[in-house]
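# Observations on the model geometry
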Amino acid sequence: MLPRASAKFIAEHSKHAKVSLEGVKRVAHLVKESFHQQPYSTELAFRKQTLNPKEPNAAAIDWIFLVDTLNFSFWSDDETNKTTISYGGKPYTGYWALCAAVNKALDAGIPITSAKYMAEVNEATLSQLFQSDSGPPMPMVSERTRVVNEAGSVLLDKFSGSFVNAVLQAEKSAEKLLKIIVGNLSSYRDEATYQGQQVYLYKRAQILIGDIWACFDGQGLGEFHDINSITVFADYRVPQVLLYYGALTYSATAAQSAV
C-alpha cells in the first residue's frame, strides 16, 4: 500500500478527523485562483529560494539528499527563542537554518554532502556544524547523526557513493524511486498500524523526490513520468490551513487536544 492508498484508508476510518468535500472544493478553488494570479513555477518554488542549489546537477542531488535526510524536528520549546544560523549575512530559523548550516560547511571546504563524510561524521562534529548563532542548539543532534551515518553508509554500499545512482536506478519513475528510498533507508520509513492496517506515510521520501523534480524542472535527472503518483506533503502547517478553510474537521476531543 502506497501513501495515497494509506491516506484513503485513514480518511475513511478516522474517528477524530474527517475530510469535508465542500471544504476541499473551497480550497481547490482558492488554489486555482492563486495560480491564475501567479502561475506555478518550479524555478520559483525551488531554484530561486536563496539557499537552494542553483544548478541542476549531481552536486545538487547530493545536497538535496542530505538536507531531506535531516529534514525533521525544527520546533522550539520557546517560539521566541529559536535555533538561528546565519548565512550570507542573513539569519535563518527552522528548516532554512539547516540549509544555511549545510551551505556554510560546504563554503568552508567541509565535504558534508559526500557519502564518506556522512558515513563517518560523529555527533560532536555535527553538533558543531549545526551550532546556533543564538538560541538553543538544533534539536535531536544524536538522531541526526544516526540517520546521516546510515545514509552515507547506504550510499557507499549500494549506490557507488551518490544518490544520483539511486535516481538512475528508478528509470524516471517516482514510484520506483520511492520504493528504492524506503527499501534501503530506515530513517525514511514512517509507517504505522492504524485500525489493524499497516499504513505508509513516507513524507520525507516523497519530499526528496519532489525536490529533485523541482530542482531539475522535471527534466534530465528530475524527469519522472509518474510524478503525480506522489502525494501532498502534509507538514506542520498544511493541516492547520486545511482546518481553517474547512477541508478538515475535528471531533471535540481532537480539537481540544490541538489547542
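Everything below is about the structure shown above.
Below or above, wherever it landed, is the structure these notes cover.

## With respect to the overall build of the protein
Tallying secondary structure elements over the protein gives 13 helices and 6 strands in all. Over its C-alpha trace the protein gives a radius of gyration of 19 Å, about what one expects of a compact globule, namely 18 Å for 259 residues. With respect to the principal axes defined by its C-alpha atoms, the protein has extents near 55 × 45 × 45 Å. Expressed as a percentage of the 259 residues in the protein, the buried residues total 41%. Of the contacts made within the protein by residues no fewer than 6 positions apart, 68% connect residues no fewer than 24 positions apart. As displayed, the protein offers around 13900 Å² of accessible surface, 54% of which is attributable to carbon and sulfur atoms. The distance from the centre of the 24 positive side-chain charges to the centre of the 26 negative ones in the protein is 5 Å.

## As for unusual backbone geometry
The backbone of Ser-73 shows a phi angle near 55°, a positive value even though the residue is not glycine. Position of Ser-73 among the secondary structure elements: in the loop between helix 4 (58-69) and strand 2 (84-87). In this structure, Gln-195 takes a positive phi of about 50° despite not being glycine. By secondary structure assignment, the location of Gln-195 is in the loop between strand 4 (191-194) and strand 5 (197-200).

## Some details on a nonpolar patch on the surface
Together, Leu-30, Val-241, Tyr-244 and Tyr-245 line one region of the surface with nonpolar side chains, adding up to about 410 Å² of accessible area. Tracing the chain through its elements places Tyr-244 in helix 12 (residues 238-244).

## A few points about the pairing of strand 5
Where strand 4 meets strand 5, 4 bridges bridge the pair, whose relative direction is antiparallel. Within strand 5, the position partnered with Glu-191 by the bridge is Tyr-200. The loop that links strand 4 with its antiparallel partner strand 5 comprises 2 residues; one of these, Gln-195, has a positive phi angle of about 50°.

So, how was this worked out
- Residues numbered from 1 in each chain as written.
- Predicted model: local features only at pLDDT ≥ 70, side-chain atom pairs only at ≥ 80, totals over all residues.
- Heavy atoms only, no water.
- Helix = DSSP H or I, 4+ residues; strand = E, 2+ residues; numbered from the N terminus.
- Rg over C-alpha atoms; globule rule 2.2 N^0.38 Å.
- Buried < 20%, exposed > 50% of the residue type's maximum accessible area, 1.4 Å probe, protein only.
- Contact = heavy atoms within 4.5 Å.
- Areas by Shrake-Rupley, 256 points an atom, 1.4 Å probe, with all protein chains shown as cover.
- Lys, Arg positive; Asp, Glu negative; His and termini not counted.
- Charge placed at Lys NZ, Arg CZ, Asp CG, Glu CD.
- Patch = residues over 30% accessible without salt bridge, like charges linked within 9 Å, V, L, I, M, F, W, Y side chains within 5 Å.
- Salt bridge = Lys/Arg side-chain N within 4 Å of Asp/Glu carboxyl O.
- Pairing = 2+ DSSP bridges.

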